[in-house]
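Each chain, written out:
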Amino acid sequence: MAVSCILELRVVNDDTEIYIRDGEPNVFARGNRHQDAIQDFSDREVESFTWQDDNKIYIDLK
């Protein structure tokens, strides 16, 4: 699954804070789904992701 697929989920809206990171605590990008920093990773493969009810999504890349 690619990052772009997660950005299309119903739980993601314009106010959702998205963190793209590796399997470690390294964050590559942070922002909402429309920001270039997030869009730059849209074609990358996802290892896993976590949605929190405080409107945050953590996406771990392969």
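Above this text you will find the structure in question.
Quick notes on the rules
- Residues numbered from 1 in each chain as written.
- Predicted model: local features only at pLDDT ≥ 70, side-chain atom pairs only at ≥ 80, totals over all residues.
- Heavy atoms only, no water.
- Core = buried A, V, L, I, M, F, W, Y, C linked by side-chain atoms within 4.5 Å.
- Buried < 20%, exposed > 50% of the residue type's maximum accessible area, 1.4 Å probe, protein only.
- Helix = DSSP H or I, 4+ residues; strand = E, 2+ residues; numbered from the N terminus.
- Contact = heavy atoms within 4.5 Å.
- Pairing = 2+ DSSP bridges.
- Axes fitted to C-alpha atoms, helices over the stretch in contact; angles between N-to-C directions.
- Phe/Tyr/Trp six-rings, centres within 6.5 Å; stacked < 30°, edge-to-face > 60°.
- Salt bridge = Lys/Arg side-chain N within 4 Å of Asp/Glu carboxyl O.

Peer 1: Sorry, what's going on with the nonpolar core here?
Peer 2: Inside soluble globular proteins, nonpolar side chains tend to come together where they are buried. Ranked by size, the top nonpolar core spans 13 residues in total, and within it V3, I18, I20, I38, I59 and L61 carry the most contacts. Breaking this core down by element, the ones donating at least two residues are helix 1 (3-7), strand 1 (17-21) and strand 4 (56-61). Those residues in contact with V3, other than ones at most four positions away along the chain, are I20, F41, S42, R44, V46, I59 and L61.

Peer 1: Even after reading the chapter, I still don't get the sheet that holds strand 4, so can you show me in this structure?
Peer 2: Picture the strands of a sheet paired through backbone hydrogen bonds; they go either parallel or antiparallel. Strand order across the open sheet formed by four strands is 2-1-4-3, with mixed pairing between neighbours. Every interior strand has two partners, whereas the edge strands, strand 2 (27-31) and strand 3 (46-52), have only one. In this sheet, neighbouring strand axes are inclined to one another by 15 degrees on average, regardless of whether the strands run parallel or antiparallel. Here strand 1 runs beside strand 4; their pairing, made up of five bridges, is parallel. Within the sheet, the bridge partner assigned to R21 lies in strand 4 and is D60.

Peer 1: Could you clarify how one ought to interpret the packing of aromatic side chains in this entry?
Peer 2: Any aromatic ring pair is given by two values, namely how distant the centres are and how the planes are angled relative to each other. All told, the structure shown has two aromatic pairs when counted by the stated rule. An angle of 15 degrees between the planes, with centres 4.7 Å apart, marks the rings of Y19 and Y58 as stacked. Of this pair, Y19 sits in strand 1 while Y58 sits in strand 4; the two residues are 39 residues apart in sequence, bridging distant segments of the chain. A residue is classified by how much of its surface remains accessible, and Y58, at 17% relative accessible area, is buried. When the ring of F28 is compared with that of F41, the centres are 6.0 Å apart and the planes differ by 15 degrees; the resulting orientation is stacked. With a gap of 13 residues between them, F28 in strand 2 and F41 in the loop between helix 2 (36-39) and strand 3 connect regions that are remote in the sequence.

Peer 1: How do you make sense of the pattern of salt bridges when you look at a structure like this?
Peer 2: Side-chain pairing between opposite charges can occur once the charged atoms of the two side chains come close. If you walk through the whole model with that rule in mind, you get three salt bridges. R30 serves as the salt-bridge partner of E17, at 2.5 Å between the closest nitrogen and oxygen. Residue E17 is found in strand 1, and its partner R30 is found in strand 2; the two are separated by 13 residues along the sequence. On the accessibility criterion, E17 (22% relative accessible area) is partly exposed. A relative accessible area of 53% means that R30 is categorised as exposed. Here R21 ties to D60 by a salt bridge, and the two come within 2.6 Å at their closest N and O atoms.

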